[in-house]
Every structure is written in structure tokens, then in C-alpha cells.
Amino acid sequence: MTPFRRFKKVLRTLARRGGYDVVRFGPMRDEWIAQRALLAGVARPVIFDVGANEGQTLRSYARLFPEGHIHCFEPNPVPCRELERVAGGSPRVTIHRVALADAAGKARFHTHPRFTHEGSLYRRPADRKAYFNPAFELTEEFEVEIATIDSICAGLGIERLHLLKLDIQGGEFRALRGAERMLSEGRIDLIFAETSFAEIYEAAPLFPRIDALLAEHGFALYSFFNLFYARDGQLRYCDALFLRSAIRRQVLDTLPS
């Protein structure tokens, strides 16, 4: 064993004793660099930022894709005020005050008065081990408008979504079910979605169902990002980036492995 390999082994051992891990980190292991690289050939991408909250990801996408058009979806009026400030009246940003699911209509939205990023169409589970911070209990609810990705795209004349970002606290599977036409016709290129591996929201579909649904439409997992674990070792949730098969052939397969 070389001195460098011995040093890496000692470093990893010490890190794991402290509850951390050491991994090799190349540029494509950054979720933003990866998305930008995979859409490098698209001059003016159309992006859906679903679960825009206060504009956290809007800032990133506006910087990464300065010529893109970003549609932000946020049903909660409280974070929408900050979202509108971040958007700054840009003609490249459209804010939609609706939730996306698998049918149009109205639904109950559950949220926290302070931690609005935890808002969901699902309640917290009440009868099993809690894999969420009790401080984030959803104590408020109100009625919101819901729509589908297919209906929004049809209504706005959007023929292709280059990037669909979903961070809607357990509602990702329902939103994808509402994109049946866009998915089946191959009109979505990348999907960047938060996915759960333990029940954080009551009866919310977990990663295997999302992965299976997307596989039916020719998508494959590219990588996981931002993995969050419980103290018992259970992987709770992470961000997952999925590629349409054509993007894998046209872009990813041309990059160095």
C-alpha cells in the first residue's frame, strides 16, 4: 500500500468514527454542474421549478441558465412574497400559485407557520416511528388549487420540458402521474426530484415507485445527491437526477467515463 493510500485509509477511518464519510468528489458530483453539463446543448431551456418556496433553486437556475425560462410553482402565499422578490419581475420567470398533482381541482395543503419548505399535500405519519424533526410538525392547513403538468404545458403551449425539478415533500409521484402525456411522448429530458426512503409524509410514495414509474417512460437514474440519514442509519431522503434515454445517448455517453 502506497503512503497516499495509507493516508486515505486513516483519514476515512477517523472520519467514520466521527459520523462522517470521505468520498471522491468530481465536478459532476455537484448537482448543479451535472444539470448544466447535461443541458449544455440547449440554448433556451424551459424549466419547471416545482416547490419553489422562497426562490432558493430559482437563484441557482437563473444563474446556470441565463437564457432559460423558469416556471416556479408555489401554492403557499407566505413564501411567495420572497419568491416574487427573488424573481424581481424578470420576464424569464413565471410564478404559478398552484400545487401540481395527478388531477386538477382543490386539495388541503399542510404546512408549518415558520418552516414553509416543509409544506405538503400529505400529513405527517402519526402511528409509526417518526423520520422527521418533531419541530417540523405541520400544524396549519388550508385549501389550494391543484393542476397537472400536462394541463399546464397544454395551456401554455409548452412542447418540451428540458428540466423538471420536484421538491414537494412527498408529492413527487403524484406530480409525475400528472405528466403522463409529456412523459409518454418523450417531452421531458431531465428530472431532478427529492425522493424519500422512509415515511416522512403519511402514505406518500417512496423512491421505488418513482423509479419504476420513470423507468416505464425510458428514464434511468443518473445519481443521488444530498443524502440525509436518520441516527439509526436509515436513509431518509435525497435528491435524485433521472435522464431520458436519448439524453444519455446524445450527451452522457459522449463524456469521459
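As shown above, the structure is provided for reference.
Residues numbered from 1 in each chain as written. Predicted model: local features only at pLDDT ≥ 70, side-chain atom pairs only at ≥ 80, totals over all residues. Heavy atoms only, no water.

## Remarks on helix H3 (residues 56-64)
In step 1: Of all the residues in H3, the buried ones are Thr 57, Leu 58, Ser 60, Tyr 61 and Leu 64. One side of H3 holds all its buried residues, which, seen down the axis, span an arc of 165°. (Buried < 20%, exposed > 50% of the residue type's maximum accessible area, 1.4 Å probe, protein only. Helix = DSSP H or I, 4+ residues; strand = E, 2+ residues; numbered from the N terminus. Arc of directions from axis to C-beta.)

## Brief notes about the pairing of strand S8 (residues 188-196)
In step 1: Of all nine residues that make up S8, nine are buried, and the element is covered over most of its length.
In step 2: Examined bridge by bridge, strand S7 (residues 161-166) and S8 share five bridges and lie parallel to one another. Each bridged residue has a counterpart across the sheet, and for Lys 165 the counterpart in S8 is Phe 192.
In step 3: Alignment of S8 against strand S10 (residues 235-244), held across seven bridges, turns out to be antiparallel. Bridge pairing links Ser 196 to Tyr 237 in S10. (Pairing = 2+ DSSP bridges.)

## A word on the pattern of salt bridges
Any two side chains of opposite charge can pair, given that their charged atoms come close.
In step 1: As enumerated under the stated definition, the model contains 13 salt bridges in all.
In step 2: One salt bridge in this structure joins Glu 82 and Arg 59, with 3.5 Å as the shortest N-O distance. Remark: Arg 59 occurs in helix H3 and Glu 82 occurs in helix H4 (residues 77-87); sequence separation between them is 23 residues.
In step 3: Judged by relative accessible area, Glu 82 falls into the partly exposed class, the value being 24%.
In step 4: On the basis of relative accessible area, Arg 59 is assigned to the partly exposed category, the value being 40%. (Salt bridge = Lys/Arg side-chain N within 4 Å of Asp/Glu carboxyl O.)

## Here we look at the sheet that holds strand S6 (residues 140-147)
Two strands in a sheet stick together by hydrogen bonds in their backbones, pointing the same way (parallel) or opposite ways (antiparallel).
In step 1: Taken in spatial order, the three strands of this open sheet run S4-S6-S5, and their pairing is mixed. Edge positions in the sheet fall to strand S4 (99-100) and strand S5 (105-111), since each of these pairs with one other strand and no more.
In step 2: One ladder, built from seven bridges, connects S5 with S6; its direction is antiparallel. Counted as the bridge partner of Arg 108 is Glu 143 from S6.

## With respect to the nonpolar core
In globular proteins that are soluble, nonpolar side chains generally tend to be buried together.
In step 1: Phe 48, Leu 100, Leu 161, Leu 164, Leu 166, Ile 188 and Ile 191 are the most contacted members of the largest nonpolar core, which totals 31 residues.
In step 2: Residue assignment for this core shows that the elements contributing at least two residues are strand S1 (46-50), helix H5 (149-156), S7, helix H6 (172-177), helix H7 (180-184), S8, helix H8 (207-216) and S10.
In step 3: Here this core takes four residues from H8, the largest share from any one element.
In step 4: Beyond its immediate stretch of four places on either side in the chain, Leu 166 contacts Val 50, Glu 172, Ala 175, Leu 176, Ile 191, Phe 192, Ala 193 and Glu 194.
In step 5: Leu 58, Phe 65, Ile 247 and Val 251 belong to the second-largest nonpolar core, a separate cluster that totals 25 residues. (Core = buried A, V, L, I, M, F, W, Y, C linked by side-chain atoms within 4.5 Å. Contact = heavy atoms within 4.5 Å.)

Keep in mind these values describe shape, not function.
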